[in-house]
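# What the coordinates show
If you want the building blocks of each chain, they are given just below.
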Amino acid sequence: MTDQPPTLPQGAMKNRAMLIAFHFPPQSESSGIQRTLSFAKHLDSFGWTPMVVSAAPMAYERKNSSQLASVPAELVVRRPLALDAKRHLGLRGRYPQVIALPDRWSSWWLFAVPTALAMVRKHKPAVIWSTFPIATAHLIGMTVQRLTGLPWVADFRDPMLQVDFPSNPLQRKVFAWIERHAIQRCTRATFTTQGALASYKARFPAELHHKFEVIENGYDEQSFAQAPTETPPPAVADQPRRITLVHSGVLYTEGRDPTAFLKAIALLRQQGSIDAAGLHVILRAPSEIPYFKELVQTCGVADIVSVEPPVPYREALHEMLQADGLLVFQGTPFNRQVPAKIYEYFRARKPILGLLDPAGETAGMLLAAGFQDVASMTSTEAIAPVLERFVKAIGAGVAHVASEELVAASSRTHRARQLAQLFDQSRAQALASQPGMSSH
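Our subject in this report is the structure included herewith. The residue numbers shown here count from 1 along each chain, following its written sequence. Only residues with pLDDT of at least 70 get local features here, since the model is predicted, and only at 80 or more are side-chain atom pairs given and counted; chain-wide, interface and lining totals rely on the full set of residues. Only hydrogens and water are removed before side-chain values are computed, so all heavy atoms of the structure are retained for them.

## Re the overall build of the protein
Put simply, the rule reads: Strands are runs of DSSP state E lasting at least 2 residues, helices are runs of H or I lasting at least 4, and numbering of each runs from the N terminus. Atoms counted for the radius of gyration: C-alpha only. Globule rule: 2.2 Å times the number of residues to the power 0.38. Relative accessibility under 20% of the residue-type maximum defines a buried residue, over 50% an exposed one, and the middle range a partly exposed one, all with a 1.4 Å probe and only protein chains included. Residues are treated as being in contact if the distance between any of their heavy atoms lies within 4.5 Å. Areas reported here follow the Shrake-Rupley algorithm with a probe of radius 1.4 Å; residue values treat only the protein chains shown as occluding. Counting rule applied: Lys, Arg positive; Asp, Glu negative; His and chain ends not counted. Here the site of a charge means atom NZ of a Lys, CZ of an Arg, CG of an Asp or CD of a Glu.
Scanning the protein from terminus to terminus reveals 14 helices and 13 strands. Compactness check: the protein gives a C-alpha radius of gyration of 23 Å against a globular reference of 22 Å for 440 residues, within 12% of the reference. C-alpha atoms of the protein, sized along the principal axes, occupy 80 × 55 × 40 Å. For the protein, the proportion of its 440 residues judged to be buried stands at 55%. Within the protein, contacts between residues separated by at least 24 positions form 77% of all contacts whose residues are at least 6 apart in sequence. Only carbon and sulfur atoms are counted for the fraction: they give 54% of the accessible area of the protein, which is about 19,500 Å². Averaging the positions of the 45 positive and the 37 negative side-chain charges in the protein gives two centres separated by 10 Å.

This is the structure:
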């Protein structure tokens, strides 16, 4: 069961939408590219023809050209220059802070605004959409909105201001200014979690709350359909099954620290509950690979846990599909965020082990979806029994997986429908506000 787009009547008129996004193929470091890319692929099914203002590939520190194959051939994409203050304007990685406000790619604003205005004149979009992070994207969206009067939907994949982010006082002040003006000037503001929406309602006056909507992240069915489909070799008689658990994506020393989890593996092995013949854990693309390899060695679990480099997106999806279970790390600093991979995990229909802050949004989402194997990410003593139970349930074939209803509701096609509806409302609101005009 998947969420299928409607078939529009032949000859039905479509409006254009300008999407402003720094993270877009061939950038490969942020999962945020999938949000914009999926909207660019699916909005057309709901009456909106998208076009994209992104950044020149030189702006990206890490690129994956294979991602470009996912961009629809007919999509209009413009990539104005964006210089990285650290790599292009700095000296040995050092640079004046003023040229990196609100972020290291602030120069993108200088080139993207003229590009966007030229696109407005040529293509006549009916709405603007921009997505944070990067903060400069909202600065571009705000500028184009002020110069054109077009309705603007400001998308916050993460909250702009968090307890400890940005930590630099001057950058925090600039972020606060952009956020405040964005909320005031935008037609609608979208967030990826209910927790993020609640935090904005707490910080902004009630008369602005009507602008706020949640459009969660999701998975792209087409990407799963195009993932390699070979199956694992059959089990050999009289040999114990080796269960494979996978974490796919970036880890950090704070907020997504696997140390307690690795110590729990060591503890369970010491107790005789698990061994290398029965369990294999893959940490795929954790970012600082040498650091995490050393951490695995230090914890004494290198024969069970392997730290692996990044692979193309569809190969990562294939690995999820082949795994026996999937891991998610999401600690206290990210309590109001839900990692985008959760929705891919749902679609993979695999058991999920959550190493989380139990008070966070990700824990609440997993528990509500029936995934009971959740433990505090920082407590080896809490993780060990949950991990043991999780592995045994997989081995017995009784581990919980996402329902078909949850899978369908988590698709990016469904999210594109939600965004298209916001665009419809924003356009109607703009037309109704013009003297002598109506939305009919």
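## Quick word on the packing of aromatic side chains
Condition: Pairing of aromatic rings covers Phe, Tyr and Trp, the last through its six-membered ring, and needs centres within 6.5 Å; plane angles under 30 degrees mean stacked, over 60 mean edge-to-face, and all others mean tilted.
As enumerated under the stated definition, the model contains 19 aromatic pairs in all. Their ring planes at 85 degrees and their centres at 5.4 Å tell us that Phe191 and Phe212 sit as a pair that is edge-to-face. Pair noted here: Phe191 is in strand E6 (residues 188-191) and Phe212 is in strand E7 (residues 212-214), with a separation of 21 residues, a long-range link. When sorted by exposure, Phe191 lands in the same class as Phe212, which is buried. Measuring from centroid to centroid gives 5.9 Å for Tyr219 and Phe224, while their planes differ by 90 degrees, and the two rings are edge-to-face.

## Some thoughts on empty space enclosed by the protein
Applied cut-off: A pocket here means an open set of points on a 1 Å grid, computed over the protein atoms alone, that has protein on both sides within 12 Å along at least five of seven lines. A cavity is instead a set of points where a 1.4 Å probe fits but cannot get out; residues with an atom within 4 Å of a point line either one. Grid points are joined across faces, edges and corners, and a volume is the space filled by probe spheres set on the points. Charged residues are taken to be Asp, Glu, Lys and Arg, nonpolar residues to be Ala, Val, Leu, Ile, Met, Phe, Trp, Tyr, Cys and Pro, and polar residues to be all remaining types, Gly included.
Summed over all chains, the structure comprises one cavity of 30 Å³ or more. When its volume is computed, the largest cavity comes out at roughly 30 Å³. Along its surface, the largest cavity is lined by Gln330, Phe334, Asn335, Gln337, Leu356, Asp357, Gly360, Glu361, Thr362 and Ala363. Here the element with the most residues in the lining of the largest cavity is helix H11 (residues 361-368); it accounts for three residues. Along the lines of polarity and charge, the residues of the lining of the largest cavity split into three nonpolar, five polar and two charged.

## A look at the environment of Phe111
Among the structural elements, Phe111 can be located in helix H2 (residues 107-123). Ignoring any residue separated from it by four or fewer positions in sequence, one finds Phe111 in contact with Pro80 and Leu81.

## Brief notes about the pattern of salt bridges
The cut-off we apply is this: For this document, the term salt bridge refers to a Lys or Arg side-chain nitrogen within 4 Å of an Asp or Glu carboxyl oxygen.
As enumerated under the stated definition, the model contains 16 salt bridges in all. Taking the shortest distance from any N to any O, the salt bridge between Arg87 and Asp84 comes out at 3.0 Å. Of the residues examined, Asp84 reaches a relative accessible area of 0% and is grouped as buried. Across the salt bridge formed by Asp373 and Arg389, the nearest N and O atoms sit 2.9 Å from each other. With Asp373 in the loop between H11 and strand E13 (374-376) and Arg389 in helix H12 (residues 380-396), this residue pair connects regions lying 16 residues apart in the sequence.

## A short note on the nonpolar core
For clarity, the threshold we go by: For our purposes a nonpolar core is just a set of buried Ala, Val, Leu, Ile, Met, Phe, Trp, Tyr and Cys residues, chained together by side-chain atoms within 4.5 Å.
Core analysis: the biggest nonpolar cluster contains 71 residues, and Leu19, Trp108, Phe156 and Phe423 have the highest contact counts within it. Beyond its immediate chain neighbours, meaning those up to four positions away, Phe423 contacts Ala17, Leu19, Leu43, Trp48, Val127, Trp129 and Val153. Core analysis: the next-biggest nonpolar cluster, separate from the first, contains 37 residues, Cys299, Leu353, Ile394 and Ala399 among them.

## Description of the sheet that holds strand E3 (residues 76-78)
Quick note on the threshold: Pairing between strands requires that DSSP locate at least two bridges from one strand to the other. As a rule, the C-alpha atoms of each element are fitted with a line to give its axis, helices using only the stretch in contact, and angles between N-to-C directions run from 0 to 180 degrees.
Ordered by their spatial adjacency, seven strands build an open sheet running E3-E2-E1-E4-E5-E6-E7, and the pairing between neighbours is parallel. Each edge of the open sheet is held by one strand with a lone partner, namely E3 and E7. Mean inter-strand twist for the sheet, computed between neighbouring axes without regard to direction, equals 25 degrees. Strand contacts of helix H5 (residues 194-203): strand E5 (152-156), E6 and E7, with the helix running at about 165 degrees to E7, the strand carrying the most contacts.

## So, helix H4 (residues 169-185)
In plain terms, the rule: To estimate how far a helix should reach, multiply one less than its number of residues by 1.5 Å. Each C-beta atom gives one direction from the helix axis, and the arc is the one those directions make. Polar contact is defined as a pair of N or O atoms within 3.5 Å, subject to the rule that within protein one atom must be able to donate a hydrogen and the other to accept it, and that residues adjacent in sequence are counted only when both atoms are side-chain atoms.
Relative to the 24 Å expected for 17 residues at 1.5 Å per residue, H4 spans 24 Å between its end C-alpha atoms, a close match to the ideal helical length. Gln171, Phe175, Ile178, Glu179, Ala182 and Ile183 are the residues of H4 that are buried. Across the axial projection of H4, the buried residues extend over an arc of 125 degrees, all falling on one side. H4 presents Pro169 and Lys173 as exposed residues on the side facing more than 90 degrees away from its buried surface. Buried residues in H4 make contact with strand E4 (127-132), helix H3 (135-148), E5, E6, H5 and E7. The residue sitting at the N-terminus of H4 and contributing the capping side-chain oxygen is Asn168; that oxygen lies 3.0 Å from the backbone nitrogen of Leu170.

## Overview of a nonpolar patch on the surface
Threshold: Note that patches include only residues with greater than 30% relative accessible area and no salt bridge, and the join distances are 9 Å for like charges and 5 Å for nonpolar side chains (Val, Leu, Ile, Met, Phe, Trp, Tyr).
On the surface, Trp109, Leu110 and Phe111 cluster together into a nonpolar patch covering about 280 Å² of accessible area. Structurally, the position occupied by Leu110 is in helix H2.

## Focus on the pairing of strand E12 (residues 352-356)
Using the following cut-off: The handedness of a crossover follows from its direction of travel: if, with the strands pointing away from the viewer, the path from the first strand over the helix to the second runs clockwise, the crossover is right-handed.
Burial analysis of E12 places five of its five residues in the buried class, the great majority of the element. Side chains Ile352, Gly354 and Leu356 of E12 all project onto a buried face; the interleaved residues Leu353 and Leu355 project onto the opposite face, where all are buried too. Since strand E11 (residues 325-330) and E12 lie parallel, the crossover through helix H10 (residues 341-348) that links them has a hand, and here it is right-handed. Relative to E13, E12 runs parallel, the two sharing three bridges. The residue bridging Gly354 from the neighbouring strand is Val374, located in E13. Once you follow E12 into H11 and on to E13, the crossover reads as right-handed.

## A closer look at the packing of H3 against H4
The criterion, for reference: Between 65 and 115 degrees an angle is taken as roughly perpendicular, under 35 as roughly parallel, over 145 as roughly antiparallel, and anywhere else as oblique. Note on convention: the crossing is left-handed when the near helix lies turned anticlockwise from the far helix by less than a right angle, right-handed when the turn is clockwise.
Close contact between H3 and H4 brings their axes to 10 Å; oriented N to C, the two are set at 40 degrees. In terms of axis orientation, H3 runs oblique to H4. Handedness of the crossing formed by H3 with H4: left-handed. Across from Ala135, His138, Leu139, Met142, Gln145 and Arg146 in H3, the residues of H4 making contact are Phe175, Trp177, Ile178, His181, Ala182 and Arg185. Along the lines of polarity and charge, the residues of the contact of H3 with H4 split into seven nonpolar, three polar and two charged.

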